Amino acid sequence: MTTTLEFEPTAYHINRSSEGPVLEIKDFNLWYGQKQALFDNNLEIQKGMVTALIGPSGCGKSTLLRCLNRMNDLVDDLRIDGRILADGFDIYGPGVDVIALRKRMGMVFQKPNPFAMSIYDNISYPLRVDGVTRKSILDETVERALRSAALWDEAKDRLSDTALGLSGGQQQRLCIARAVASDPEVLLMDEPCSALDPIATAKIESLIADLRGQYSIVIVTHSMSQAARVSDNTAFMYLGRIIEYGATETIFTRPVKSRTNDYVTGRFG
């Protein structure tokens, strides 16, 4: 006997930015071959705020995150339905420059992935790809990005050293610096602290707080306490669906949906 789960419409009670949404997800579905992974998702990412995606493993958090800069395009036999709007234009519309889109959506992955080159070259790489060669511009960008990532003081005297010599936490901050070097509008973070120790995690969380307002940040996290600490709004996902999306304090203390309450109180997950 097959049990069918019933899903009610998403409960929606977010903190709204005075500048409005930077991204709008509308009736978005995704299939890997015949298997559907995302179901009728709707979400507004508010400009200048931190939005957390939480939920049990395999619920679709990272899949949805990777749709925001079309990284899932690299997956064979993938199909989508619905729209994702960035400042009003459909990022899956015809004629979209995917490379330009990804420059607007900086990405930080679960495991630090510095390039096997110097600290300086790691940060300047996105500009060099765009044809920027003037040293004064590269120097200014490297310093700005490392300062933004709270890494300048630790790295300024070793810019020519390999980035692989940095600690794990420093490498992740370097990856954040590399992501902001091209001045994106949105930072996408896929469990950026899961491979880090508590001290390095605290530094990344402090950095996220410092970057709030400069960038719109979307963070996937398996840690509910981290979501509670760093985010303005939180979306709870379950079985490929956004069940509830609201102000973080509301999601964790006064959720509307019983499934959300069960998850944040530890009854499943």
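This is a predicted model, so every value here is computed, not measured. (Residues numbered from 1 in each chain as written. Predicted model: local features only at pLDDT ≥ 70, side-chain atom pairs only at ≥ 80, totals over all residues. Heavy atoms only, no water.)

**A word on the sheet that holds strand E5 (residues 78-86)**
Sheet architecture is open: four strands sit in the order E3-E2-E5-E6, paired in antiparallel fashion. Unpaired on one side and paired on the other, strand E3 (35-46) and strand E6 (89-90) mark the two borders of the sheet. Relative to E6, E5 is paired through two bridges, and the arrangement is antiparallel. Of the residues in E6, the one forming a bridge with leucine 85 is aspartate 90. (Pairing = 2+ DSSP bridges. Helix = DSSP H or I, 4+ residues; strand = E, 2+ residues; numbered from the N terminus.)

**Focus: the pattern of salt bridges**
Proximity of charged atoms lets side chains of opposite charge pair with each other. Taken as a whole and assessed by the stated rule, the structure comprises 16 salt bridges. We note a salt bridge from arginine 16 to glutamate 44, for which the minimum N-O separation is 2.6 Å. Here arginine 16 is found in the loop between strand E1 (11-13) and strand E2 (21-32), whereas its partner glutamate 44 is found in strand E3, with 28 residues between them in sequence. Judged by its relative accessible area of 53%, arginine 16 falls in the exposed class. Judged by relative accessible area, which is 18%, glutamate 44 ranks as buried. Between arginine 147 and glutamate 143 there is a salt bridge whose closest N-O contact spans 2.9 Å. With a gap of four residues between them, arginine 147 and glutamate 143 both fall in helix H4 (residues 135-148), about one helical turn apart. Accessibility expressed as a relative area gives 48% for arginine 147, which makes it partly exposed. Ionic contacts of the salt-bridge type, sharing partners, join the residues Lys47, Asp87, Arg104 and Glu185 into one network. (Salt bridge = Lys/Arg side-chain N within 4 Å of Asp/Glu carboxyl O. Buried < 20%, exposed > 50% of the residue type's maximum accessible area, 1.4 Å probe, protein only.)

**Re the pairing of E3**
Here E2 pairs with E3 via eight bridges, running antiparallel. By the bridge assignment, proline 21 is partnered in E3 with glutamine 46. Connecting E2 to the next strand, E3, in antiparallel fashion are two residues, including glycine 33 with a positive phi near 65°.

**Quick look at the confidence of the model for the protein**
Across the protein, the average pLDDT comes to 93, with 98% of residues at 70 or higher. When the elements of the protein are averaged for pLDDT, E1 gives the smallest value, 85, and strand E4 (residues 50-54) the largest, 98. (pLDDT = per-residue confidence, 0-100.)

**Things to note about helix H6 (residues 168-181)**
Between its first and last C-alpha atoms H6 spans 20 Å; for 14 residues at 1.5 Å apiece the expected length is 20 Å, and the two agree. Of all 14 residues making up H6, 13 are buried, and the element is well covered by its neighbours. The first or second residue beyond H6 is aspartate 183, which carries a positive phi of 55°. (Expected span 1.5 Å × (residues − 1).)

**Some points on the sheet that holds strand E7 (residues 105-108)**
Strand order in this open sheet of seven strands is E1-E11-E10-E4-E9-E8-E7, and the pairing throughout is mixed. Edge positions in the sheet fall to E1 and E7, since each of these pairs with one other strand and no more. With direction set aside, neighbouring strand axes in the sheet form an average angle of 20°. In terms of strand pairing, E7 meets strand E8 (residues 186-190) through four bridges, oriented parallel. Within E8, the position partnered with methionine 105 by the bridge is valine 186. (Axes fitted to C-alpha atoms, helices over the stretch in contact; angles between N-to-C directions.)

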